[in-house]
Each structure stands twice: as structure tokens, then as C-alpha cells.
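Chain by chain, the residues run as shown.
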Amino acid sequence: MAKYVNLVKLSVGTESVEGLADWQSNHAVLTNDGYPRHVTRMWPKREDEVLAGGSIYWVIKGLIQARQKIIRLDEVVREDGIRRCAIVLDHKLIRTTQAQKRPFQGWRYLAATDAPADLPSTRQNEEALPPDLSAALAEIGVL
């Protein structure tokens, strides 16, 4: 049984895994040591489980399509004085089998047993199916 938990997060405004990678290469979203990060208002209460091997699973166009290993959680305090959590991520985006996910706000926990499988390394660079086709196939359980 897995001793870690994952997070699942909408990648708002992203059209593809490549678009997410482009956004993460922007200097403004990088940590001082060069890792991509996502800043969120809420700090995971299950921090130890997240850091024990968890990943963030990205929802793009209504489908979980990729994941990134979570390296650490950094505290960020912006000009408003509110403490936020920066989820610091590995550089490598790993494509997963696609799984439909309804819209939600913030992030949610995702048990390791419920996480979509990684695509085999031979399929990591495949061109993605059109979003409508992917959604339809995921809805009927083919993807």
C-alpha cells in the first residue's frame, strides 16, 4: 500500500501539456534554484504524505493528462502579508493515461491507487488526441 498521497490541480488557461511546460519555463514561476512552482492559498494538511513521494496531477481541458513529482513545499508571503504554499515541482512533466475530471477550485488529494498510470516511455512524445475526442473516449472508459 502506498504511503504517499498526490494532489490534483486544474491547469487553468492551458490548452496542452506543451502549453503547461511553456508556462513553467517562465522565469516568474521558477524558484530561486530554478524549479517550477505553483503557488496556492492552502497548505496541505497531509504535507508529510505529499512529500513522501507524491506528484501533482494536472487537469488540462477536463482531463488529467500529466503529472510532476513534488519536490518540496515552500512558504511564500506576498505583499498582502498572507502566507501561501509554493508547490515546488520536478522539471520533468510525465504524460499519463487520460482520465476525465470535473471542474473544481484549488487542489484536491488523489490517492495513489486512484491516480492514472503513466504512459510508457515510448509514448511520452506522442501528439495528443484532440481534446473533444480524448474527453469522449475517457467518458466511455476507453482512455
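Residues numbered from 1 in each chain as written. Predicted model: local features only at pLDDT ≥ 70, side-chain atom pairs only at ≥ 80, totals over all residues. Heavy atoms only, no water.

Asks: Provide a residue-level description of the overall build of the protein chain, including the pertinent values.
Replies: When helices and strands are tallied, the protein chain shows three helices and seven strands. Helices and strands appear in the protein chain in the N-to-C order β-α-β-α-β-β-β-β-β-α. When burial is assessed residue by residue, the protein chain has 38% of its 143 residues classed as buried. A separation threshold of at least 6 residues defines the contact pool for the protein chain, and within that pool the share at least 24 residues apart is 69%. A total accessible area of about 8,600 Å² is found for the protein chain, and carbon and sulfur atoms account for 50% of it. (Helix = DSSP H or I, 4+ residues; strand = E, 2+ residues; numbered from the N terminus. Buried < 20%, exposed > 50% of the residue type's maximum accessible area, 1.4 Å probe, protein only. Contact = heavy atoms within 4.5 Å. Areas by Shrake-Rupley, 256 points an atom, 1.4 Å probe, with all protein chains shown as cover.)

Asks: Account for the pattern of salt bridges, with residues named and values stated.
Replies: Tallied over the entire structure, the rule returns eight salt bridges. In this structure, the salt-bridge partner of glutamate 18 is arginine 95, at a minimum N-O distance of 2.1 Å. Of this pair, glutamate 18 sits in helix H1 (residues 17-24) while arginine 95 sits in strand S6 (residues 94-100), and the two are 77 residues apart along the sequence. Given a relative accessible area of 9%, arginine 95 falls into the buried group. (Salt bridge = Lys/Arg side-chain N within 4 Å of Asp/Glu carboxyl O.)

Asks: With reference to specific residues and values, describe the packing of aromatic side chains.
Replies: A complete count under the given rule lists one aromatic pair for this structure. Above the plane of the ring of tyrosine 109 lies arginine 46, whose end atom (NZ or CZ) is 4.9 Å from the centre. Sitting over the ring of tryptophan 43, arginine 83 keeps its end group 4.2 Å from the ring centre. (Phe/Tyr/Trp six-rings, centres within 6.5 Å; stacked < 30°, edge-to-face > 60°. Lys NZ or Arg CZ within 6 Å of the ring centre and 35° of its normal.)

Asks: Tell me about the nonpolar core, and name the residues and values.
Replies: Counting 16 residues, the largest nonpolar core has Leu7, Ile56, Trp58, Ile70, Ile87, Leu89 and Leu93 as the members making the most contacts within it. For this core, the elements supplying multiple residues, two or more each, are strand S1 (5-10), H1, strand S3 (55-60), strand S4 (63-77) and strand S5 (83-89). Judged by nonpolar contacts, the second largest core, of eight residues, contains Tyr57, Val59, Ile64 and Phe104. (Core = buried A, V, L, I, M, F, W, Y, C linked by side-chain atoms within 4.5 Å.)

Asks: Lay out H1 with the relevant residues and their values.
Replies: Looking at H1, one finds that the buried residues are Val17, Leu20 and Gln24. Projected down its long axis, H1 shows its buried positions confined to an angular sector of 55°, all on one face. (Arc of directions from axis to C-beta.)

Asks: How would you summarise the pairing of S3 if you had to cite specific residues and measurements?
Replies: Of all six residues in S3, six are buried, a share of seventy percent or more. Along S3, one buried face is formed by Ser55, Tyr57 and Val59 and the opposite face, lined by Ile56, Trp58 and Ile60, is buried too. Note that S1 and S3 share four bridges and pair parallel. Each residue of the ladder has a partner; that of valine 8, found in S3, is tyrosine 57. Of the strand pairs in this sheet, S3 and S4 are connected by six bridges, and their pairing is antiparallel. Counted as the bridge partner of serine 55 is lysine 69 from S4. Hairpin connection of S3 to S4: two residues between the antiparallel strands, including lysine 61 at a positive phi of 55°. (Pairing = 2+ DSSP bridges.)

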